[in-house]
Amino acid sequence: MKATLLAKLVTVLLVSTAWSAQAQTLTSFTTTYKGGSGTCGTTYNIQGKEPSSTLKYPVFIYLVGTSETYNNGSALAAVDEMASRGYVAATVQYPNSSFGDCTTLSARSKCVFDSASASSAVAALCSRAAADCSKGIVVAGFSQGSILSILSKNHDTRVQAAYGLGAGVQYSFYDLRACVANGKRSLSSARLRAVNGEADGFLGSSEANVRAQLQELTGRGCTGTSCFAADGSGWYIVKHAEVSDGNADHCYMRATGGCNGSQSSLDQKWLNGTYDWSVDPNLQWLTGFTAR
């Protein structure tokens, strides 16, 4: 009896070990979709990673900011992190050479996330052999990419939660309140985390202005720099003293130089830290909304 029990325990351990090794092995992939700012007729790239397994996984999509390279350092870091957690994870290129109003950004988001279109980015990813979008889709993005991500559930009800970096309701003279403010979109604020730098020049340049935008975006009216609900949704304002180069601007995740710094050189506190503004805890929060 004891020998039989021991044999069963050994078998369980071997299977568990084999699964752990399998889950840590990732396969890179590239594909394309049809995107644009209205008619979704232009071919754009998708670059991603997925577990090397015969199992099926939920999907993670990342979108970069205005003028950024779609497969820059922060995008690939997020993709690597989520693929290693058991996702078909990808960064998606889109027409990001300029910003836009609600109409323009909603159209760009629809080309990426339109569940009714066989040529959308979400269709390309959900059709992968390793993907099972019925387990859920989670999204993240920076700046303009954060807005497209926040609008994603308008176009695909399988989207479960979003993590936005540099996310707000007004960028310079582009007032987006009508489409992204709390209650103005399909994505519930209980499924949104936003993290912005205190000196974000696109969102008002001061902590007070950044806070006011985050309050409108999420409906959470805290007065400090950290405003998370018990479920982990909410927002955080990164202070200058927290980042390695002392500059918590719009591009606080870059190592030096703010938004003029290299897209591929990342602040190690963002990349490898466990702070509320680091990538790891925010992506980990997303995983709570999908089946795996």
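Residues numbered from 1 in each chain as written. Predicted model: local features only at pLDDT ≥ 70, side-chain atom pairs only at ≥ 80, totals over all residues. Heavy atoms only, no water.

Colleague: A description of the overall build of the protein chain should follow, citing residues and the corresponding values.
Modeller: The number of helices and strands found in the protein chain is 9 helices and 11 strands. Here the C-alpha radius of gyration of the protein chain, 19 Å, is about what a compact globule of 292 residues would show, namely 19 Å. Counting across all 292 residues of the protein chain, residues that qualify as buried make up 51%. Across the protein chain, contacts joining residues at least 24 apart in sequence account for 66% of those joining residues at least 6 apart. Approximately 11800 Å² of the protein chain is accessible, and the part contributed by carbon and sulfur atoms is 53%. The protein chain carries 23 positive and 20 negative side-chain charges, and their two centres are separated by 10 Å. (Helix = DSSP H or I, 4+ residues; strand = E, 2+ residues; numbered from the N terminus. Rg over C-alpha atoms; globule rule 2.2 N^0.38 Å. Buried < 20%, exposed > 50% of the residue type's maximum accessible area, 1.4 Å probe, protein only. Contact = heavy atoms within 4.5 Å. Areas by Shrake-Rupley, 256 points an atom, 1.4 Å probe, with all protein chains shown as cover. Lys, Arg positive; Asp, Glu negative; His and termini not counted. Charge placed at Lys NZ, Arg CZ, Asp CG, Glu CD.)

Colleague: Please set out the nonpolar core residue by residue, giving values where relevant.
Modeller: Judged by nonpolar contacts, the single largest core of 84 residues is most densely connected at F60, I61 and W270. The dominant element in this core, judged by the number of residues it contributes, is helix α2 (residues 73-84), at 6 residues. When neighbours within four sequence positions are excluded, F60 is seen to be in contact with A78, V79, M82, Y87, V88, A89, A90, V138, V139, A140, L283 and L286. (Core = buried A, V, L, I, M, F, W, Y, C linked by side-chain atoms within 4.5 Å.)

Colleague: Explain the confidence of the model for the protein chain residue by residue, including any values.
Modeller: Averaged over the protein chain, the pLDDT score is 93; the fraction of residues at 70 or greater is 92%. Here residues 1-23 is a poorly scored stretch, pLDDT under 50, and it has 6 contacts once near neighbours within four places are set aside; other chains count. (pLDDT = per-residue confidence, 0-100.)

Colleague: Run through helix α3 (residues 102-113), naming residues and quoting values.
Modeller: Because an α-helix packs 3.6 residues into every turn, residues spaced three or four apart end up facing the same way. Its 12 residues give α3 an end-to-end C-alpha distance of 16 Å, which sits within 8% of 16 Å, the value for a rise of 1.5 Å per residue. Every buried residue of α3 is accounted for by C102, L105, A107, R108, S109, C111, V112 and F113. (Expected span 1.5 Å × (residues − 1).)

Colleague: Tell me about the packing of aromatic side chains, residues and numbers included.
Modeller: Scanning all chains against the criterion turns up 8 aromatic pairs. Ring centres of F173 and Y174 lie 4.6 Å apart, and the angle between their planes is 35 degrees; on these two criteria the pair is classed as tilted. Since its relative accessible area comes to 64%, F173 is described here as exposed. Taken together, a centroid distance of 6.0 Å and an interplanar angle of 15 degrees make the contact between Y275 and W277 stacked. Y275 sits in the partly exposed class, given a relative accessible area of 42%. Exposure remark for W277: the relative accessible area of 1% places this residue in the buried category. Counting every residue linked through ring pairs, the aromatic cluster contains F99, Y171, F173 and Y174. Just above the ring of F228 sits the side chain of R193; from NZ or CZ to the centre is 4.2 Å. (Phe/Tyr/Trp six-rings, centres within 6.5 Å; stacked < 30°, edge-to-face > 60°. Lys NZ or Arg CZ within 6 Å of the ring centre and 35° of its normal.)

Colleague: So what about the side chain of T287? Which residues, and what values?
Modeller: Topologically, T287 is positioned in the segment after α9 (279-286). Exposure remark for T287: the relative accessible area of 5% places this residue in the buried category. A polar side-chain atom of T287 sits 2.6 Å from the main-chain carbonyl oxygen of Q284. Aside from chain neighbours lying at most four places away, what touches T287 is M82, R85, Y87 and R292. (Polar contact = N/O pair within 3.5 Å; in protein donor to acceptor, adjacent residues only side chain to side chain.)

Colleague: I'd like a description of the packing of α2 against α9, backed by residues and values.
Modeller: At a minimum axis distance of 11 Å, the contact between α2 and α9 shows a crossing angle of 50 degrees. Classified by the interaxial angle, the pair formed by α2 and α9 is oblique. Handedness of the α2/α9 crossing: right-handed. Touching A78, E81 and M82 of α2 are D280, L283 and L286, all from α9. Within the contact of α2 with α9, the residues separate by chemical class into 4 nonpolar, no polar and 2 charged. (Axes fitted to C-alpha atoms, helices over the stretch in contact; angles between N-to-C directions. Parallel < 35°, antiparallel > 145°, perpendicular 65-115°, else oblique. Left-handed = near helix turned anticlockwise from the far one by under 90°. Nonpolar A, V, L, I, M, F, W, Y, C, P; charged D, E, K, R; others polar.)

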